[in-house]
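Okay, here's what each chain looks like letter by letter:
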Amino acid sequence: MILSLLLCAQLAVATDSIYSSSAVRALVARAATENHAPPPSFSAYKAHVESELSLMIRDTLGRENAAQIEQFASQASWVRGADYEVHVVGYRSQGVGVPYSALSFITGWTVPSLYGERLRLGVIGPASADSQPRGGDPVIAVHPFAADRERYYRFSGGDTVGVLHTVRRTITIVRIHVESRLPDSARVAAFDGDIQLDAERGQIVRMRGQFVVHNADLKRSLAARVAGVVGIAYSDFVNAEIDGRYWLPASQRTEFQASVSLLGRTRAVMRVLSEFSDFEVTDSSLPVADQHRIAHVTTWAPTDSIAQFNAWRSSLGTITSSASAGDFDDIAPDIWRPTGAPRFDFSPAQTGHLVGFDRIGGLFTGLEGTLHLRDAAPGVTLGANAGWAWTERVVRGGAYVSRQRNGWGFTLAGERRLVTTNDFLRPLEPSSGGLGAFLGSVDDFDYVERRRAFVSATRFSGASEGLVTLQLGLGRDENEVARLTRGIIGSTPFRANRSAESGSYRVAALMGEWHPSVSGDFVHPGVGGRLLLEAAEGQLAWRRAEASVSARQYVGPITVAFHADGGTVGGAQIPPQYLYELGGTGSLFGYHYKQFVGNRAALFRSYASYTLPLWRTPRHVFRNFYVPGLAPGVAIGVTGGWSELTSSAAVNAAAALNALPRPLQTNGVRGTVGGGLTLFGGNLHLGVARAVDRAAPWKFAVGLGQEF
């Protein structure tokens, strides 16, 4: 009899396509009852909310370069049966070259609670026929515990994952895994992920996963498939028990990550992170009707009041820096996930492996393939790329095998590349002429052909903390010459490529990075640094040491940023391609291209600004498009560089560059100072600047970013 009952139960489970077991069905049914609406006695609350909306680029090593951070201080007010209002009382932002506000994509950055039948995500979806004149509509998601949940979801799990101890009680936490199954006709979003429940009360403690939207047009798009477009909306909503009775928001995170395979393995990240505090809960026994969908209303305090606000709970950027895009790797789509069946991708490590242009080889086109063995050999990746330089008529590329496991990375690689000899490049800065060279004959780089085979070991301390790499290898440098005269429409001919010494060598290098997301050029706050120690022996021999330090800090309306690079190279006969060269845009403003040279050099940029308490509120321009508030400020910036030739080997190497006019050492620090106005949270500057190392007139300066 017992065996028959067990068999029937198993058959019931096997034929139930919605619930993995009867126990899960019962648990979900109870959760649906408890989370359909707030408890009857819960009628309203008020809370303080501090939020940050940030736009970032994440590279293949997990470093996140924040181009914009917007911080909001708000008073959230929810009344049962009425609207959910977020009243913004404070706003400030910092940006580098981002001409729009994240409000162009976000209409509401918090949800009042995880009770209800639907969740309003705040992100703007595709415009529909009945959308407002401003554009698309906010995306609405079906709550996993809604009355119509069985049309959209499957449920499994039901295991106990933890126990919380509070002053009033012990709380057992159980987990339900939710899998969406949106029908083709669905015009709503759905949740994929895990929900943690208070086992005693059936209320939601945490929702972590992703929201998905059925978009047949995108799936059918040939362009999207060819380009390898991947976009994911992650969420992590954490509740806290308030007054020992209600589970209300403690923190809410929504993060949009996207990549385009043809543009390399970097990801664009928009992070929305909010922290709730100071709840004031109103209890009432009066019956009030619940709404199927709660309207979200965002209101703003008067502009002068927002500009004067200074009661921030956290410094600008602190909330953003507390998270990493890698936090969601365990639930990432297959193309990003380190586990699963072996996978082969054609996505390049960088765009230059697919297409490029320079005055040495002309147009370059190539292909790259990567095999991720994943579960077949955890952490092991094999990759190769090759391409053809059409003017030079040579093949360049490389291949590697690597293994990452338990915080360590090991790589064996060989490559033949055309690499730049430019020094102290900034994060995400190009390293070849590219489109500027192709169209306008602007190629402010010098090149050497480099062949290397090496092994390396890297220790990762977390994406936000740093890494250390030891590399051993064999190499050969070959001198190169410019084979093209000009680009398509450029009237000024390309300059000659500076000479390099050809030869083979054995090389060892030790490299370390500390807080690599802090660069000074982007808006992440903190202090970071980089160190390189390198030694080579053979036909070419040298000793090199480089260091850099970056810092950015926000103190109320004051912003201070600093970045400095320094290096020294020595040896009995220094190859000219390993000297340091300064001058020109991106290196030392106000001087000619690589006007200065040295075997010792330093380059620094510093900046300080004060944002005036005026016009900080973002401005609506048209449809969904917002720009950051005008936020005028006053700023001063100092940039400078220094180089010297300290040995006969260095002097001989400088002469071997064969550059005209011949570069010289700086004979002291060369630099400029500038000052004036900044606008739009540091995105734009205008003022005056002049050289300080010599008599020079003041010149008008205007541009993007914060450097005069």
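Whatever comes next refers back to the structure up there.
Residues numbered from 1 in each chain as written. Predicted model: local features only at pLDDT ≥ 70, side-chain atom pairs only at ≥ 80, totals over all residues. Heavy atoms only, no water.

J.: Give me the lowdown on the overall build of the protein chain, citing residues and values where you can.
T.: Check the secondary structure of the protein chain and you find 8 helices and 34 strands. By the compact-globule yardstick of 27 Å for 708 residues, the protein chain fits well, its C-alpha radius of gyration being 29 Å. Across its three principal directions, the C-alpha atoms of the protein chain cover 90 × 65 × 50 Å. Sorting the 708 residues of the protein chain into buried and exposed places 50% on the buried side. Within the protein chain, counting contacts between residues at least 6 apart in sequence, those at least 24 apart form 64% of the total. When the accessible surface of the protein chain is totalled, it reaches about 31,800 Å², and 60% of it is carbon and sulfur. (Helix = DSSP H or I, 4+ residues; strand = E, 2+ residues; numbered from the N terminus. Rg over C-alpha atoms; globule rule 2.2 N^0.38 Å. Buried < 20%, exposed > 50% of the residue type's maximum accessible area, 1.4 Å probe, protein only. Contact = heavy atoms within 4.5 Å. Areas by Shrake-Rupley, 256 points an atom, 1.4 Å probe, with all protein chains shown as cover.)

J.: Requested: an account of the environment of V673, with residues and values cited.
T.: Following the sequence through the fold, V673 ends up in strand β32 (residues 670–679). Along the backbone, V673 and Y610 are 63 residues apart, and their C-alpha atoms lie at a distance of 17 Å. When neighbours within four sequence positions are excluded, V673 is seen to be in contact with I636, G637, V638, V688, A689, R690, V692 and W698.

J.: Tell me about the environment of H620, and name the residues and values.
T.: By secondary structure assignment, the location of H620 is in strand β29 (residues 619–622). Here H620 falls in the partly exposed class, since its relative accessible area comes to 40%. In the structure, H620 is positioned 501 residues away from L119 in sequence and 25 Å away in space, judged by C-alpha atoms.

J.: Can you tell me about the environment of R80, naming the residues and giving the values?
T.: Among the structural elements, R80 can be located in the loop between β2 (64–79) and β3 (84–95). Once the C-alpha coordinates of R80 and S43 are considered, the two residues, 37 residues apart in sequence, prove to be 5.1 Å apart. One polar contact links the side chain of R80 to the main-chain carbonyl oxygen of F42, over a distance of 2.8 Å. (Polar contact = N/O pair within 3.5 Å; in protein donor to acceptor, adjacent residues only side chain to side chain.)

J.: Describe the packing of aromatic side chains, with residues and values.
T.: Think of a pair of aromatic rings as described by two things: how far the centres are apart, and how the planes are tilted against each other in angle. Overall, the coordinates contain 28 aromatic pairs when judged by the stated rule. Look at Y91 and W300: their rings are 6.1 Å apart centre to centre, the planes differ by 65°, and that puts the pair in the edge-to-face class. Within this pair, whereas Y91 is found in strand β3, its partner W300 is found in strand β13 (residues 296–300), the two being separated by 209 residues in sequence. Of the residues examined, W300 reaches a relative accessible area of 28% and is grouped as partly exposed. Each ring, one from F424 and one from Y580, has its centre 5.4 Å from the other, and the planes form 10°; the classification is stacked. Residue F424 is found in the loop between β19 (408–420) and α7 (434–440), and its partner Y580 is found in strand β26 (residues 580–582); the two are separated by 156 residues along the sequence. Judged by its relative accessible area of 9%, F424 falls in the buried class. Given the relative accessible area of 0%, Y580 is considered buried. By way of ring pairs, the aromatic residues F42, Y45, W78, Y246, F276 and F279 are connected into one cluster. Over the ring of W336 we find R267; its NZ or CZ atom is 4.2 Å from the centre of that ring. Directly above the aromatic system of W698 lies the positively charged group of R690, at a separation of 5.8 Å from the ring centroid. (Phe/Tyr/Trp six-rings, centres within 6.5 Å; stacked < 30°, edge-to-face > 60°. Lys NZ or Arg CZ within 6 Å of the ring centre and 35° of its normal.)

J.: Help me get a handle on the side chain of R552, residues and values and all.
T.: Relative to the helices and strands, R552 resides in strand β24 (residues 542–555). Within the buried core, R552 has no salt-bridge partner, and the shortest N-O distance to an opposite charge, that of D521, equals 7.0 Å. Apart from residues no more than four positions distant in its own chain, R552 is found in contact with Q94, G520, F522, V523, H524, P525, G526, T559, V560, A561 and Q706. (Lys, Arg positive; Asp, Glu negative; His and termini not counted. Salt bridge = Lys/Arg side-chain N within 4 Å of Asp/Glu carboxyl O.)

J.: If you had to explain the nonpolar core to someone new, which residues and values would you point to?
T.: Counting residues in each nonpolar core, the largest one holds 33 residues, and the members touching the most others are F145, Y153, F155, I195, L197 and M207. Sorting the residues of this core by element identifies α2 (22–35), β4 (118–124), β5 (138–142), β6 (153–165), β7 (170–180), β8 (189–198) and β9 (204–213) as the ones contributing at least two each. Element by element, the count of residues in this core is highest for β8, at 5 residues. If sequence neighbours within four positions are ignored, L197 has contacts with L27, A31, F145, T172, I173, V174, I176, G202, Q203, I204 and V205. Among the nonpolar cores identified, the runner-up in size contains 32 residues, and V49, L55, V88 and Y91 belong to it. (Core = buried A, V, L, I, M, F, W, Y, C linked by side-chain atoms within 4.5 Å.)

J.: I'd love a proper account of the side chain of D236, names of residues and values included.
T.: Looking at the secondary structure, you find D236 in strand β10 (residues 229–242). Residue classification places D236 among the buried residues on the basis of a relative accessible area of 12%. At 2.7 Å, the side chain of D236 forms a polar contact with the side chain of R206. Contacts of D236, omitting those with residues within four sequence positions, involve R206, M207, R208, S251, Q252, R253 and F328.

J.: Outline the pattern of salt bridges, listing residues and values.
T.: Where side chains of opposite charge bring their charged atoms close, a pairing between them can arise. Scanning all chains against the criterion turns up 46 salt bridges. When the shortest N-O distance is used, the salt bridge between R63 and D59 registers 2.6 Å. Of the two residues examined, R63 and D59, each falls in the buried class. E449 is paired through a salt bridge with R451; the nearest N and O atoms lie 3.2 Å apart. By relative accessible area, which is 3% here, E449 ends up buried.

J.: Would you mind going over helix α8 (residues 648–656) in detail, with residue names and values included?
T.: Among the residues making up α8, those that are buried are A649, A650, A653 and A654. The arc that holds the buried residues of α8, viewed along the axis, is 135°, so those residues lie on one side. What points out from α8, more than 90 degrees from its buried face, is the exposed set S648 and N652. Looking one or two residues beyond α8, the residue adopting positive phi is N658, at roughly 55°. (Arc of directions from axis to C-beta.)

J.: Talk me through unusual backbone geometry; I want residue IDs and the actual numbers.
T.: Generally, phi is negative for residues other than glycine and the peptide bonds are trans, each holding for most cases. Here the residue pair L660 and P661 is connected by a cis peptide bond, since its omega of -5° sits within 30 degrees of zero. Positive phi outside glycine occurs at D278, with the angle close to 55°. Assignment of secondary structure puts D278 in strand β12 (residues 267–283). Even without glycine at this site, N667 takes up a positive phi of about 55°. Here N667 lies in the loop between α8 and β32.

J.: Explain the pairing of β10 residue by residue, including any values.
T.: Counting buried residues along β10, 10 of its 14 residues qualify, which places the element largely inside the surrounding structure. Taken together, the 6 bridges between β9 and β10 define a ladder with antiparallel strand orientation. The residue of β10 that forms the bridge with R208 is D236. In this structure, β10 lies alongside strand β11 (residues 246–260), joined through 14 bridges in antiparallel fashion. In the strand pairing of β11, V238 is matched with S251. (Pairing = 2+ DSSP bridges.)

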